[in-house]
Amino acid sequence: MAHDAPSAAPSPGPSPSARTLLPLVVPSLVVGAASALVLLGVDALADQLKDVLWETLPDALGVGRYSTLWMIVMLTATGLAVGIVVRQVYGHAGPDPATTGLVDDPMPPGVVPGLLVVTVLALAGGVSLGPENPITAVNVALAYWLGRKAAPRAPGALWLPLAAAGTIGALFGTPVAAALILTETLAARPGPGSLWDKLFGPLIAAGTGALITALIAHPTFDLALPAYIGTRWSDLLAALVIAPLAAALGLAAVYAFPYVHAFFRHLGHPVLAITAGGLVLGLLGALGGPLTLFKGLHEVKTLAADPDGWSAGSFALMTVVKLAALLTAAACGFRGGRIFPAVFVGVALGLCAHALVPAVQPSLGVVCGVLGVLLALTRQGWLSLFTAAVLVADPNVLPLLCIAALPAWLLVTGRPQMQLHEDGTPLR
């Protein structure tokens, strides 16, 4: 008896053509530009408030800038202010940040004002988190809401990748970062067309966001470290040691995350939890020094400007303190992203390796440290490689980075992520 032939896989439909892709150009340009302007506006407002809180106010009170007392008072007060806003505003400034990622489903537009307020407060107050998660959430919410009103016939799924790409392009000053991140998500989604068809609109949005940021803010991630003098056999050994060690350090924070989160959650009230978190951040800042405050992007350039300016012990202390601050801020309820603080952790760890073993080139130590920490905290392979590589303007480190990523990835893959389900259990 003959067996029935297996049924053919369903056709994904016709591939997009130039005629179907061209209508994406205008909305992609608009969303990319708007995403960059929102990010730049939040950063500018946070910088203005930061000057008031950390320079004008302590000078007026006769308290030393970045003194131990001022760091503890300011971080605790920031926690109190953020907690009150979270408690009072519509939607409580979004869901528990421990349960959210870099790109999530759109929030109701009414949540946006409160989320913007707490983001500015945290950035200005010295909290060890970056703007990437909340600003991406804000831009996704606004693009989805306004896009549905302006073009009701367009599919709702159009707006999320455009807003995410525009924001990421603006954050990094290049559309490459957005393309790499979206490649990991879009490649697994069924649908007609090649990956470049799917990335057509997001790349326009990312390019527009990056271009506007470059024209207005002139960002750079190059740390101006001592020049990489070329690959040696000892460099391969150093890369294969530093990247997995950095990943292991990041994993320690990942495994501690649900327990730290449960501690603050048991306090039972967002004002109390976030204020307590601010107090802990202030104490950590007093221990690690003012360089361990804030999102870390400007502070890391101070470290890199003088790789031999601190001892191995000082670099190790800043590494541990910054990682503990990132863990505390992410667990207690502050809204913010983890990429930029993680970069600081990786840079400090890499410079610690150089201080311990001077034969380890500073540039190599830094890129491998950043690579390992980001792999553990984000599980974004392309993002981790890209971020590490752009810190050193030398393509000769890329082969070593790709090799170093392999043992680090074997260490982190399949492990819990630094993101929780609603019940507090780790996401895998």
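Residues numbered from 1 in each chain as written. Predicted model: local features only at pLDDT ≥ 70, side-chain atom pairs only at ≥ 80, totals over all residues. Heavy atoms only, no water.

**Description of the overall build of the chain**
Put simply, the rule reads: Strands here mean DSSP runs of E at least two residues long; helices mean DSSP runs of H or I at least four residues long; both are numbered from the N terminus. As a reference, a globule follows 2.2 Å times the number of residues to the power 0.38, and the radius of gyration itself is taken over C-alpha atoms. Here the term buried applies to any residue with accessible area under 20% of the maximum for its type, exposed to any over 50%, and partly exposed to those in between, with areas from a 1.4 Å probe on protein chains only. Contact criterion: two residues are considered in contact whenever any of their non-hydrogen atoms come within 4.5 Å of each other. Method for areas: the Shrake-Rupley scheme with a 1.4 Å probe, in which residue coverage is limited to the protein chains shown.
Helix and strand content of the chain: 16 helices and zero strands. The C-alpha atoms of the chain give a radius of gyration of 22 Å, which matches the 22 Å a tight globule of 428 residues would have. Its C-alpha atoms put the chain at 80 × 60 × 50 Å along the principal axes. Scored against the burial criterion, the 428 residues of the chain give a buried share of 52%. Taking as baseline every contact in the chain between residues at least 6 positions apart, the subset at least 24 positions apart corresponds to 77%. Summed over all atoms, the accessible surface of the chain reaches about 18500 Å², with 69% contributed by carbon and sulfur.

**Brief notes about unusual backbone geometry**
Of note, Y66 is a non-glycine position whose phi angle comes to about 60°, a positive value. Within the element layout of this structure, Y66 appears in the loop between α2 (25-61) and α3 (68-88). The phi torsion at R379 lies on the positive side, around 60°, for a residue other than glycine. Overall, the relative accessible area of 12% leaves R379 in the buried class.

**Quick notes on the pattern of salt bridges**
Side chains bearing opposite charge may pair, as long as their charged atoms lie close to each other. Rules: One side-chain nitrogen of Lys or Arg within 4 Å of one carboxyl oxygen of Asp or Glu is enough to make a salt bridge.
Applying the stated rule across the entire model yields three salt bridges. With a shortest N-O distance of 3.9 Å, K295 and D43 are connected by a salt bridge. With K295 in the loop between α10 (270-288) and α11 (297-305) and D43 in helix α2, this residue pair connects regions lying 252 residues apart in the sequence. For K295, a relative accessible area of 16% translates into the label buried.

**Topic: the packing of helix α9 (residues 233-265) against helix α14 (residues 362-378)**
How we decide: Whenever a helix is involved, its axis is fitted only over the stretch in contact; in every case the axis is a line through C-alpha atoms, and angles between N-to-C directions fall within 0 to 180 degrees. By definition, turning the near helix anticlockwise from the far helix through less than a right angle yields a left-handed crossing, and turning it clockwise yields a right-handed one. Under this grouping Gly is polar, as are all residues other than the nonpolar Ala, Val, Leu, Ile, Met, Phe, Trp, Tyr, Cys and Pro and the charged Asp, Glu, Lys and Arg.
At a closest axis distance of 7 Å, the pairing of α9 and α14 adopts a crossing angle of 35°. Every pair of crossing elements has a handedness; the one defined by α9 and α14 is right-handed. Along the contact surface, α9 presents D235, A238, A239, I242, A243, A246, A247, G250, L251 and V254, while α14 presents L364, G365, C368, G369, L371, G372, V373, A376 and L377. Of the residues assigned to the contact of α9 with α14, the class counts are 14 nonpolar, four polar and one charged.

**Quick word on the packing of aromatic side chains**
Our working rule: Only the six-membered ring of Trp is used, alongside the rings of Phe and Tyr, when aromatic pairs are assigned; centres must lie within 6.5 Å, and planes under 30 degrees apart are stacked while those over 60 apart are edge-to-face, with the rest tilted. By the criterion adopted, a ring carries a charge over it if an Arg CZ or a Lys NZ lies within 6 Å of its centre and within 35 degrees of its normal.
Counted according to the given criterion, the structure contains seven aromatic pairs. Consider the rings of Y66 and F294, whose centres lie 6.5 Å apart with planes at 75°: the pair is edge-to-face. With Y66 in the loop between α2 and α3 and F294 in the loop between α10 and α11, this residue pair connects regions lying 228 residues apart in the sequence. A relative accessible area of 25% places Y66 in the partly exposed class. On the numbers, 6.2 Å between centres and 40° between planes, the contact of F172 with F340 is tilted. One end of the pair, F172, is in helix α6 (residues 159-172); the other, F340, is in helix α13 (residues 339-356), with 168 residues separating them in the sequence. Considered together, F172 and F340 belong to a single accessibility category, that of buried residues. Of the aromatic side chains, those joined through ring pairs into one cluster are W54, Y66 and F294. Taking the ring centre of F294 as reference, the NZ or CZ of K50 above it sits at 4.2 Å.

**Some thoughts on the side chain of T387**
Note the following rule: In the analysis that follows, any N or O atom pair within 3.5 Å is treated as a polar contact, provided that within protein one partner can donate a hydrogen and the other can accept it, and provided that, for residues neighboring in sequence, both atoms belong to side chains.
As for its placement among the helices and strands, T387 is situated in helix α15 (residues 381-390). For T387, a relative accessible area of 1% gives the class buried. From its side chain, T387 meets the backbone oxygen of L383 in a polar contact 2.8 Å long. In this structure T387 touches F172, V343, V370 and L374, once residues within four positions along its chain are discounted.

**Focus: the nonpolar core**
Short version of the rule: Residues grouped as a nonpolar core are buried Ala, Val, Leu, Ile, Met, Phe, Trp, Tyr and Cys residues, joined through side-chain atoms within 4.5 Å.
The biggest cluster of nonpolar side chains holds 124 residues, and the ones touching the most others in it are W54, F172, F334, V347 and L371. Those residues in contact with L371, other than ones at most four positions away along the chain, are A243, S384, L385, A388, L401, A404 and A405. Counting residues in each nonpolar core, the second largest holds twelve residues, with A143, L158, W159 and A163 among its members.

**Concerning the confidence of the model for the chain**
The criterion, for reference: For every residue, the predictor reports its confidence as pLDDT, a number between 0 and 100.
Per-residue pLDDT for the chain has a mean of 88; in total, 93% of the residues score no lower than 70. For the stretch residues 1-11, pLDDT sits under 50, and the model shows zero contacts to residues farther than four places along the chain or on other chains.

**Some points on the side chain of T213**
Structurally, the position occupied by T213 is in helix α8 (residues 195-216). One polar contact links the side chain of T213 to the main-chain carbonyl oxygen of A170, over a distance of 3.4 Å. Discounting chain neighbours no more than four positions away, the residues touching T213 are A36, L40, A170, H218 and P219.

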